[in-house]
Amino acid sequence: MKLPYYPGCTLKANAANFEEAAMRVMKDLGYELQEMKDWVCCGTVFSMTNDDLMLQLASIRNLLRAEEQNLNELVVLCSMCYNTLQRAKKFITEDEESLDKVNDLMYKENIRYKGSVDVTHLLTVLKDRITFDRIKEKVEKPLSLLKIGGYYGCLLLRPKEFAIDDFEDPTIIEDLLSSLGAESIVFPYRLECCGAYQTITKKDVTIKRTYEIINSARKSGCEAIVTSCPLCAFNLDQRQKETAEEFIEFEQMPVFYFTELMSVALGGGWDKSWSKLHYADPEPILKEKGLI
Amino acid sequence: MSYKMTRDIIKNSLVQKIEELSGQNVFDCYQCGNCSSGCPVVDYMDIMPNQVLRLAQLGATEDILNSETIWICSACLQCSTRCPKGVEVAKVMEALRSINLRKRIGTLDPKKIEIEDLQNLPPIALVGAFRKLTG
Amino acid sequence: MKRIGVFICHCGINIKGTVDVEKITEEIADYPGVAYIENYIFMCSEPGQKLIRDVIIEHKLDGVVVAACSPTLHETTFQDALEEMNINRHQLEVANIREQCSWVHTDIEESTRKANLIIKTAIEKLKLNESLTPIFAPLTKRTLVIGGGIAGIQAALDIADGGYEVLLVERNPSIGGHMIQLSETFPTLDCSQCIMTPKMVAINKHKNIKLYANSEIESIEGFFGNFKVRIKRKPLYVDPDKCTLCDDCTAVCPVVVPSEYDEGLTWRKAIYIPFPQSIPATFTIDTENCLGFNPIACTKCQDACEPDAINYDMKPETFEEEIGAVIVATGFDLNPVENMAEYGYGKYPDVLNGLQFERILSATGPTGGEMFRPSDGKVPKEVVFIQCSGSRDPERHLPYCSRICCMYTLKHAKLYKHKVHDGQPYIFYIDIRSGGKRYEEFVQQAVSEDGIVYIRGKVSRVYREGEKMIVHGMDTLTGKKIEIEADMVVLAMGIIPSADTDKLVNILRLNTDENGFLVEAHPKLRPVESIQSGFYLAGTAQGPKDIPDAVSQASGAAAKVLALMSNDEISHSPIVAIVNEDLCSGCGICVDTCPYGARELDIIEKIATVNDVLCEGCGACISVCPASAAQQKNLTDEQIFNMIRIYTNA
Ligand SMILES: Cc1cc2nc3c(=O)[nH]c(=O)nc-3n(C[C@H](O)[C@H](O)[C@H](O)COP(=O)(O)OP(=O)(O)OC[C@H]3O[C@@H](n4cnc5c(N)ncnc54)[C@H](O)[C@@H]3O)c2cc1C
Ligand code: SF4
Ligand code: SF4
């Protein structure tokens with residue numbers, strides 16, 4: 001079965017492993033993520049000011065493209081894209097006036113945007129359509145012995161009306177990991193922000209965040225964590241370099257995309273090229289547990 | 001120095017602008033501090049998120065517009081989801097950033113990003129930061 | 001000798017934690033007179049009581065000592081258990097080893113030793129206890145309510161509706177108290193007078209209520225169920241039956257005095273009606289200010305009065321009434337603010353207290369409900385309210401929280417904002433206490449929607465500069481020092497017991513706390529009665545409270561009175577004084593000593609007698625009797641000496 005898919009910029013660059021693994025996994029599960037045509041950047045961060053229609057255009061243009069291509073849904077992997085597209089859609093379609101204004105702004109487009117396209121995160125597809133029980137059946141290499149924490153960050157859960165699960169006590173990632181056979185661990189900082197775009201202007205802030213989040217995971221017994229956001233992955237993984245410089249006692253911890261681990265468990269295997277996109281080397285732990 | 005309060009300062013035009021942009025009534029806040037206690041980056045702020053609301057209530061808009069806090073905020077929405085009075089603090093932060101950005105006041109000068117970082121940073125970080133922090 | 005059973009309670013760990021109950025059980029088992037001894041986790045529980053009942057039969061007991069908590073808590077519980085087994089209730093003694101032992105000591109060895117002695121004294125006392133039956137006395141089914149504020153009014157109406165007579169004594173010329181001065185009431189903002197006046201009219205009309213306005217209590221004697229009270233009614237100098245309320249008199253009266261009703265914001269004449277809805281509805285002369293009572297007489301009002309209702313020669317009247325119970329509902333006064341110099345009260349006309357602000361807000365007030373400030377009649381645009389003015393200030397003013405000021409201040413700010421849309425109210429506060437039903441919602445809504453600015457901090461001072469009141473305060477939430485140029489300042493003064501409560505309390509022989517409020521019998525379990533039998537408490541006389549609480553307490557007190565009135569007789573403890581006629585020399589010292597008037601001298605027999613019904617068993621006469629002729633039942637000298645001996649021999 002085909003699922004219309006919106007990738008977003010980072011999945012074509014720093015997070016190529018996220019996408020590749022997803023493609024493999026979905027194929028194993030009998031689905032095909034079919035990339036929509038002519039997509040553009042989602043705009044990344046959602047603008048929260050009430051009068052800012054301009055800053056919603058990037059997102060809306062993608063939805064309009066989808067409408068044009070007769071897609072009634074977009075499946076998204078990146079938490080940030082998911083969040084921004086969802087919120088932009090609601091913001092624009094909440095009142096007709098905004099919708100009209102946005103359409104007027106995009107007067108050169110061939111059609112006027114109606115607001116018919118749903119935005120779904122891949123995790124929701126896995127949980128609700130494929131179901132974790134089915135995934136469990138498909139597991140070839142259970143991730144047993146792997147102690148792993150699910151890290152949600154902000155964008156899967158906030159604002160609460162777009163949360164893909166209970167916004168204060170989600171279990172969707174943990175449930176997925178359990179179905180893959182892993183020992184999934186709930187750690188205190190799993191819902192806390194990684195520092196996001198502050199990674200540029202306030203690097204010290206993100207370093208401290210990484211330090212606290214990774215330590216929180218370690219204290220709870222995690223050997224690795226998983227995420228679904230490339231920005232979280234960047235901050236929590238790549239920034240471990242600076243974190244170790246800042247805090248001498250800091251120990252590295254691998255950070256996976258959930259699709260990577262799914263690929264390992266469902267028999268799709270691990271691609272060497274993925275390792276290059278990680279800072280904290282994920283291979284030792286996978287080898288140690290006999291997974292690669 | 002004493003802060004002289006008058007009825008013209010309370011809900012002055014800038015406060016009204018903040019309320020308009022954020023869609024929040026700053027007087028809904030009853031200063032419980034939940035927003036500040038949950039904010040992941042509060043340690044780096046010069047005034048706490050609850051004080052931002054408080055200063056807005058007092059009409060002390062200069063203090064908040066010039067604060068470091070609004071640029072430290074990473075828009076994680078923790079405060080907004082936890083506020084018992086339903087104040088979307090993150091939207092207030094965004095409004096304050098916007099007022100500055102629209103005057104071309106921001107904290108991120110693209111020219112100043114370190115080259116090494118620029119090569120490594122994912123697009124998501126760059127675009128996000130430009131949108132939130134560049135005036 | 002009596003066969004005595006001793007039951008030692010653990011009270012969970014309350015007693016057992018510091019008293020070695022097993023050890024004393026062993027120690028006392030062989031004490032003379034003890035036929036049975038046992039300890040148990042909760043003697044007051046049903047299994048505990050059953051234990052007593054079973055042992056009474058099994059071991060043929062004729063007396064029981066329960067070593068447990070204070071007898072004020074469970075004495076009757078255990079007495080009832082004895083009575084169920086046909087043993088007289090006075091064959092029970094409670095040895096208090098909790099409040100008087102385990103709770104106040106930490107050393108287990110010492111407290112065990114003490115508990116042992118306490119139990120032995122109880123055994124000794126019990127050995128000589130007589131079996132007694134209660135004394136019955138008739139009950140006067142009429143109740144005196146003192147104070148005609150909302151609390152007194154509510155209590156009077158409830159009792160009268162229950163079918164019993166009530167005397168309502170109010171010292172002012174009209175009933176109504178403070179509530180009749182209020183504008184609108186939190187949290188519903190209903191008009192205070194609109195909900196108050198129907199109750200006042202009901203008092204006037206009720207066939208079971210006799211109203212003594214302008215009256216005070218002179219003396220009270222007698223006892224629970226049968227008091228005699230003397231009520232002094234000050235003359236009105238106007239015959240209510242003739243007065244047509246035409247108001248001709250006030251037009252001619254040359255004397256002006258600040259109006260009590262308007263809290264000094266307006267003036268009244270020496271002949272006046274307190275307020276239009278006064279009950280009783282009549283004019284009255286204030287003798288302190290009337291010239292007609294001076295040697296060079298003024299008779300202007302008398303001359304003007306067409307129906308000839310005014311009579312300067314009216315005299316105070318005293319009435320003697322018989323009653324069975326008393327409800328004290330004498331209310332509150334605002335804390336006088338002369339000593340709040342830092343806020344300029346009394347110095348600046350635009351610094352007001354809460355009640356004055358109520359009058360300005362009120363449609364019947366000096367401004368007809370329009371918002372003008374007293375000094376120049378301008379509309380105040382910036383108004384500062386200062387909460388806790390003189391409350392919660394143990395160093396300089398009242399140590400306690402006055403409970404109503406948070407809410408009335410918010411109400412003031414809200415009503416002000418309703419009248420002056422472009423005005424700005426500021427409320428300085430330390431906490432916002434809004435515990436009542438719907439109060440928190442009232443607060444939150446007012447802040448969100450009415451733009452009332454709360455500033456957390458106390459005002460240090462207020463001074464005048466030109467037309468403005470400069471207020472120096474602090475916002476502790478931001479650390480900003482705040483300065484406001486206010487047009488008007490309203491002080492949320494705390495409340496204190498109403499003037500002369502101390503004198504009334506002396507007459508009634510009641511207790512007040514360190515702040516002068518009447519003391520309830522138990523802060524949780526008996527909040528509407530005094531420890532003094534037959535006296536009940538209602539409203540702010542007992543402590544600061546708002547209208548809903550005052551009314552609840554009043555209805556509670558009325559329910560207590562109605563329960564009492566449903567009896568035909570009252571029973572009285574038989575623990576009273578007795579006189580050994582052989583020893584009494586008839587010196588009469590006891591007669592002078594008895595605080596209850598229970599002692600009399602039989603002049604013919606030359607001996608002193610005891611009126612059982614009046615005797616409260618206080619023991620005063622027994623200790624003064626030089627011949628040891630007076631004894632107290634079940635607390636005879638012999639019993640007391642036996643008890644003391646336990647300690648002196650230990
Ligand atoms: C500024 C202000 C605003 C308020 N606003 C509100 C409000 O909005 N909502 C609310 O619920 N509550 C409000 N309150 C509280 C409310 O006024 C009181 O709870 C209520 O009036 C208490 O009633 P009371 O009968 O106990 O006392 P009072 O009203 O004081 O009545 C006592 C009566 O006893 C009489 N008396 C006193 N001594 C004697 C004596 N020795 N002999 C005979 N008679 C005597 C007095 O003359 C008086 O008539 C407010 C209070 C203040 C000060
Ligand atoms: S959580 Fe909400 S009410 Fe509490 S201080 Fe923050 S904004 Fe104010
Ligand atoms: S949105 Fe900003 S202020 Fe609110 S918790 Fe996150 S970082 Fe702090």
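Nothing here was measured: the structure is a model prediction, and the numbers come from that model.

In this structure, what is going on with empty space enclosed by the protein? I would like to understand it.
In this approach a probe as big as a water molecule rolls over the atoms, and the regions it shows empty are the leftover space. Under the defined criterion, the tally for this structure stands at nine cavities of 30 Å³ or more. Volume-wise, the largest cavity comes out at about 240 Å³. For the largest cavity, the lining is made up of 25 residues, of which Met80, Leu155 and Ala196 of chain A together with Ser74 and Ala75 of chain B are closest to its centre. Broken down by secondary-structure element, the contributors of at least two residues to the lining of the largest cavity are helix H3 (79-93) and helix H10 (230-238) of chain A. Counting residues per element, the lining of the largest cavity draws most heavily on H3 of chain A, at four residues. Considering only residue class, the lining of the largest cavity consists of 17 nonpolar, five polar and three charged. Considering only enclosed or pocket space, the second largest cavity measures out at about 120 Å³ in volume. Taken together, 17 residues make up the lining of the second largest cavity; nearest its centre are Cys584, Cys587, Cys590, Ala608 and Cys625 of chain C. Of all the secondary structure elements, the ones that give two or more residues to the lining of the second largest cavity are helix H15 (589-593) and strand E32 (599-602) of chain C.

Explanation requested: the pattern of salt bridges in the structure shown.
Proximity of charged atoms lets side chains of opposite charge pair with each other. Tallied over the entire structure, the rule returns 81 salt bridges over all chains. Between Asp100 of chain A and Arg112 of chain A there is a salt bridge, with its nearest N and O atoms 3.9 Å apart. Of this pair, Asp100 of chain A sits in helix H4 (residues 96-105) while Arg112 of chain A is found in the loop between H4 and strand E4 (118-121), placing the two residues twelve residues apart along the sequence. Its relative accessible area of 43% is what places Arg112 of chain A among the partly exposed residues. With its nearest N and O atoms 3.7 Å apart, the salt bridge here joins Lys241 of chain A to Glu116 of chain B. Of the two residues, Lys241 of chain A sits in helix H11 (residues 240-246) while Glu116 of chain B sits in helix H8 (residues 115-120), which places them in two different chains. By relative accessible area, Lys241 of chain A is classed as partly exposed at 33%. Residues joined in a network through salt bridges with shared partners are Glu192, Lys208, Arg209 and Glu212 of chain A together with Asp43 of chain B.

Would you mind going over the state of the cysteines with me for this structure?
Covalent bonding between the sulfur atoms of two cysteines is what defines a disulfide. With the rule as written, the count across this model stands at one disulfide over all chains. Two residues, Cys191 of chain C and Cys194 of chain C, share a disulfide whose sulfurs are 2.3 Å apart. Here the S-S torsion is close to 85°, and the disulfide linking Cys191 of chain C with Cys194 of chain C is therefore right-handed. Note on Cys42 of chain A: no disulfide assigned, nearest cysteine sulfur contributed by Cys81 of chain A at a separation of 3.9 Å. The thiol sulfur of Cys290 of chain C is not disulfide-bonded, and the nearest other cysteine sulfur, from Cys301 of chain C, lies at 6.0 Å.

Got a minute to help me understand the site of ligand 3 in this structure?
Residues and elements named next belong to chain B. Contacts to ligand 3 come from 13 residues, most closely from Cys39, Cys73, Ser74, Cys76 and Cys79. If you list the elements that add at least two residues to the shell around ligand 3, you get helix H6 (78-82) and helix H7 (89-101). Its residues assigned to classes, the shell around ligand 3 shows eleven nonpolar, two polar and no charged.

Looking at this model, I keep getting lost on the domain arrangement of chain B. Mind explaining?
Put simply, an interface is often sized by how much accessible area is lost when its parts join up. All names here are of chain B. Taken domain by domain, chain B comprises domain 1 (7-104) and domain 2 (105-135). Taken together, the eight residues of domain 1 in the interface contact eight residues of domain 2. Both sides together, the interface formed by domain 1 and domain 2 hides about 730 Å², and carbon and sulfur atoms give 60% of it. Sorting the residues of domain 1 by area buried against domain 2 places Trp71, Leu101 and Arg104 first, and these three jointly supply 64% of that buried surface. The salt bridge partner of Glu94 is Lys132, with a shortest N-O separation of 2.7 Å. With four residues, H7 is the largest single contributor of residues to the side of domain 1 that touches domain 2.

Would you explain the site of ligand 1 in this entry?
All names here are of chain C. In the vicinity of ligand 1, 36 residues are found, and the nearest of them are Glu170, His178, Lys411, Thr540 and Lys545. Here an oxygen atom of ligand 1 sits 2.8 Å away from a polar atom, N or O, in the main chain of Lys545. Interatomic distance of 2.8 Å between a backbone N/O atom of Ile547 and an oxygen atom of ligand 1. Here ligand 1 loses 98% of its free accessible area of 1000 Å² to cover by the protein chains. Every element with two or more residues in the shell around ligand 1 is listed here: helix H6 (150-161), strand E8 (184-185), strand E19 (332-334), helix H10 (354-361), helix H11 (405-419) and helix H14 (547-565). Here the shell around ligand 1 is composed, by residue class, of 16 nonpolar, 13 polar and seven charged. Each of domain 2 (142-232 + 319-331 + 498-565) and domain 4 (335-495) accounts for three or more of the residues forming the shell around ligand 1.

The rules we used
- Residues numbered from 1 in each chain as written.
- Chains lettered and ligands numbered in written order.
- Predicted model: local features only at pLDDT ≥ 70, side-chain atom pairs only at ≥ 80, totals over all residues.
- Heavy atoms only, no water.
- 1 Å grid on protein atoms, 1.4 Å probe; cavity = no way out; pocket = protein on both sides within 12 Å on 5 of 7 lines; lining within 4 Å.
- Points joined across faces, edges and corners; volume = space filled by probe spheres on them.
- Helix = DSSP H or I, 4+ residues; strand = E, 2+ residues; numbered from the N terminus.
- Nonpolar A, V, L, I, M, F, W, Y, C, P; charged D, E, K, R; others polar.
- Salt bridge = Lys/Arg side-chain N within 4 Å of Asp/Glu carboxyl O.
- Buried < 20%, exposed > 50% of the residue type's maximum accessible area, 1.4 Å probe, protein only.
- Disulfide = S-S within 2.5 Å.
- Near = heavy atom within 4 Å.
- Domains from an automatic or database assignment.
- Contact = heavy atoms within 4.5 Å.
- Buried area = accessible area lost by both parts, 1.4 Å probe.
- Polar contact = N/O pair within 3.5 Å; in protein donor to acceptor, adjacent residues only side chain to side chain.
- Areas by Shrake-Rupley, 256 points an atom, 1.4 Å probe, with all protein chains shown as cover.

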